[in-house]
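Per-entry structural report
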Amino acid sequence: MLVRCGPLVARLAVAALLVLASGCAWDGPMSTVVRGSDFNRAILRVYTIITWATGIIGLVVFVVLGYILMRFRRPPDTRLPAQIRGNTLLELGWTIMPAIVLLVIAIPTIQIIFRTQTQGAPAGALRVTVRAWQWWWEFRYPDLDVVTANELHLPVGRSVVLELEGPDVIHSFWVPHLGGKRDVVPGRHNRIVLTPETPGLHWGQCAEFCGASHANMGMRVLVQPAAEFDAWVAGQKATPPEPTGAAADGQAIFAKSACVGCHTIAGVSAGVLAPNLTHFGGRSTLAAGMWPNTPDNVAAWVRDPQRLKPGVKMPDLGLTEEQAKAVAAYLTGLK
Ligand code: CUA
């Protein structure tokens, strides 16, 4: 039976491997091997050293092993060969060689650990306070007087200091293209200093289990040329245009609903427990990267947030379909 199963199991294993491998992409949105910042380049330097070191050692071991297996195969009807106990040279060799290998790996690793844990920030670095909430990200730019959520804008080539704050439970900030993950711990001051080097969209994700919607706690990082970033900052500081039509009805509904207790919209409300919505319409996604930010999705969200994101802190507001559409028109118009 085993003999008959063997080839089938092997074929299934190869098929499973192919299916799994088809999900691999060198430059995928969550790939750790994209050199998007100095931080990630430093980590990848260590990866490269370890990969080459272990690859070469593995190759040597398997070649020698293969040779020994073939060369010293016991022919039939031979007596047991001479039995040897101990060999000082060999034993010294297999003690010293691994020690050298460990040293080759340890020196750059320790260097990179110290460099990426640096507390000092280069002059002129952009400061961003990252606040991780169940289950969304708040980004505050204290020097620019800008507050946004779930989509972090950074200028390319300028150092940034991310000050990580946890107002509720432990989370972990992770944007694979930009570097390693770092925990966001209530009562602890963790920070990441990095310089984004590749313009474009980089995906991030909370990497520490933090409750029901941990898996739905994504973020987007937009690394932009300096001029584009400055234009975005100017847009964030500007007051959105007064709503008209359905959007004006939506604003009225927003202003007299529970929304105002948690959300800030400049000039309308000043809540601090939920994402700042002053320029919500300018964001590409909804609910921490879960859904495209379209009027239909926003209407569905305000009608029944629990259905779209399990555990979400936002209550059911009891809005009618029409009211939800008006609120969605208002919010998506806040560019
Ligand atoms: Cu926040 Cu997991």
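Check the entry above for the structure.
Conventions used here
Residues numbered from 1 in each chain as written. Predicted model: local features only at pLDDT ≥ 70, side-chain atom pairs only at ≥ 80, totals over all residues. Heavy atoms only, no water. Pairing = 2+ DSSP bridges. Helix = DSSP H or I, 4+ residues; strand = E, 2+ residues; numbered from the N terminus. Axes fitted to C-alpha atoms, helices over the stretch in contact; angles between N-to-C directions. Patch = residues over 30% accessible without salt bridge, like charges linked within 9 Å, V, L, I, M, F, W, Y side chains within 5 Å. Areas by Shrake-Rupley, 256 points an atom, 1.4 Å probe, with all protein chains shown as cover. Salt bridge = Lys/Arg side-chain N within 4 Å of Asp/Glu carboxyl O. Contact = heavy atoms within 4.5 Å. Disulfide = S-S within 2.5 Å.

Here we take up the sheet that holds strand E2 (residues 136-141). Two strands in a sheet stick together by hydrogen bonds in their backbones, pointing the same way (parallel) or opposite ways (antiparallel). Taken in spatial order, the five strands of this open sheet run E3-E2-E1-E5-E8, and their pairing is mixed. What marks the edges here is a single partner per strand, and that holds for strand E3 (146-149) and strand E8 (190-194). Pairs of neighbouring strands in the sheet enclose a mean axial angle of 20°, with direction left out of account. Sheet topology places strand E1 (residues 126-133) next to E2; five bridges connect them, and they run antiparallel. What sits directly across from Val 130, in E2, is Phe 139.

On the surface, a cluster of nonpolar side chains totalling about 770 Å² of accessible area is made up of Trp 52, Ile 56, Val 60, Val 64, Tyr 67, Ile 68 and Phe 72. Of note, Tyr 67 is situated in helix H2 (residues 38-71).

All right, on to the sheet that holds strand E9 (residues 200-205) then. Spatial ordering of the open sheet is given by E4-E10-E9, a layout of three strands whose pairing is mixed. Looking at strand neighbours, the two that pair on one side only are strand E4 (151-155) and E9, the edges of this open sheet. Strand-to-strand twist of the sheet, defined as the mean angle between neighbouring strand axes without regard to direction, takes the value 25°. Contacts from helix H4 (residues 226-237) reach E4 and strand E10 (218-224), with the element oriented near 135° to E4.

Note on terminology: disulfide describes a covalent bond linking the sulfur atoms of two cysteines. Under the definition given, this model contains zero disulfides. Sulfur of Cys 262: no disulfide; nearest cysteine sulfur belongs to Cys 259 and is 8.8 Å away.

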